[in-house]
Amino acid sequence: MAFDALDARLLLLLTDAPRLGVLECARRLGVARGTVQARLDRLSADGVLTGFPPELRLDALGYGLTAFAVLEIAQGRRGEVAEELAAIDEVCEVHATTGQGDLFVRMVARSNDDLQRVIDEVVDVPGVRRTSTSIALSTPVAPRVRPLLERIARGDRP
């Protein structure tokens, strides 16, 4: 079954209120409880819905500095390097990319000195050949999926 407007409306509802129960979701969407449960089960099984983690402000946890690094790595070492990067607590995400570098890394730190420590850990990963790091000054557009879900909920397709 394809992802449809009801799936999008359900995910929008859970995006706004992730602690809602199945029964309340059904009531707000005007569908049966079993329909909501079946949709959630299918979205989970299909890998669309991967969980309900809380949204955190990392600066409120003491990690007020966000940086992005482009890494050039040794040929054929992506899996090994990614595994080592995942072991660094301050590395929030890693993407394999095309273009100038091989991996794009988002990391956080408590201060500039702390960022230097994190960068040193990244550079020490076997297989990392070169890194170029930029510090984020602000986040004008935070990570989001809402506009995509709203488009699908309206029945619009690109």
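All residue numbers refer to position in the chain's written sequence, counted from 1. Side-chain atom pairs in this predicted model are given and counted only at pLDDT of 80 or more, local residue features only at pLDDT of at least 70, and totals for whole chains, interfaces and linings cover all residues. The basis for the side-chain values is all heavy atoms of the structure; hydrogens and waters are excluded.

**Quick word on the packing of helix H1 (residues 5–16) against helix H6 (residues 146–153)**
Next, step 1: To obtain an axis, a line is fitted to C-alpha atoms, over the contacting stretch when the element is a helix, and the angle between two such axes runs from 0 to 180 degrees between their N-to-C directions. Under the DSSP-based scheme used, a helix requires at least four consecutive residues in state H or I and a strand at least two consecutive residues in state E, with every element numbered from the N terminus. At a closest axis distance of 7 Å, the pairing of H1 and H6 adopts a crossing angle of 145°. For H1 against H6, the interelement crossing comes out left-handed. Across from Ala5, Ala8, Arg9, Leu11, Leu12, Thr15 and Asp16 in H1, the residues of H6 making contact are Arg146, Leu149, Glu150, Ile152 and Ala153.
Next, step 2: Each residue is assigned to one class: nonpolar for Ala, Val, Leu, Ile, Met, Phe, Trp, Tyr, Cys and Pro, charged for Asp, Glu, Lys and Arg, and polar for all the others, Gly among them. Residues that form the contact of H1 with H6 fall into these classes: seven nonpolar, one polar and four charged. Each helix crossing is assigned a hand: it is left-handed if the near helix lies turned anticlockwise from the far helix by less than a right angle, otherwise right-handed if that turn is clockwise. Should any heavy atoms of two residues lie within 4.5 Å, those residues are considered in contact.

**Thoughts on the layout of surface pockets**
Next, step 1: A cavity, in this analysis, means grid points on a 1 Å lattice covering only the protein atoms where a 1.4 Å probe fits yet has no way out; a pocket is instead an open set bounded by protein on both sides within 12 Å along at least five of seven lines, and a residue lines either one if it has an atom within 4 Å of a point. Grid points are joined across faces, edges and corners, and a volume is the space filled by probe spheres set on the points. Approximately 1400 Å³ is the volume found for the largest pocket.
Next, step 2: Around the largest pocket sit 37 residues that line it, and Pro54, Glu55, Ala142, Pro143 and Arg144 are the ones nearest its centre.
Next, step 3: Listing elements by their share of the lining of the largest pocket, those giving two or more residues are H1, strand E1 (65–73), strand E3 (103–109) and H6.
Next, step 4: Broken down by element, the lining of the largest pocket gets its largest block of residues, four residues, from H6.
Next, step 5: Of the residues in the lining of the largest pocket, the class split is 23 nonpolar, seven polar and seven charged.

**Some thoughts on the sheet that holds E3**
Next, step 1: One requirement defines pairing of two strands: DSSP has to find at least two bridges between them. In space, the four strands of this open sheet follow the order E2-E3-E1-E4, with antiparallel pairing throughout. Unpaired on one side and paired on the other, strand E2 (91–96) and strand E4 (128–135) mark the two borders of the sheet. Neighbour-to-neighbour, the strand axes of this sheet turn through a mean angle of 20°, independent of strand direction.
Next, step 2: Here E2 pairs with E3 via five bridges, running antiparallel. Across the sheet, Val91 pairs through a bridge with Met107, a residue of E3.

**A word on the UniProt feature "domain: HTH asnC-type" (unreviewed entry) in the protein**
Next, step 1: Feature annotation in UniProt assigns "domain: HTH asnC-type" (unreviewed entry) to the following positions: residues 4–43.
Next, step 2: Regarding residues 4–43, the helix share stands at 78% and the strand share at 0%, and the terminal C-alpha atoms are separated by 11 Å. UniProt positions are given in the numbering used here, feature names are shortened, and annotations may be inferred rather than shown by experiment.

**Focus on the domain arrangement of the protein**
Next, step 1: Per the domain assignment, the segments making up the protein are domain 1 (5–54) and domain 2 (58–135).
Next, step 2: For domain 1 and domain 2, the distance between their C-alpha centroids amounts to 34 Å. Segmentation into domains, and thus their bounds, comes from an automatic or database assignment.

**Things to note about the pattern of salt bridges**
Next, step 1: Salt bridges are counted wherever a side-chain nitrogen of Lys or Arg sits within 4 Å of a carboxyl oxygen of Asp or Glu. Counting across every chain of the model gives 15 salt bridges.
Next, step 2: Between Arg57 and Asp59 there is a salt bridge, with its nearest N and O atoms 3.1 Å apart.
Next, step 3: Overlapping salt bridges, with partners in common, bring together Asp4, Asp7, Arg39, Arg42 and Asp46 in one network.

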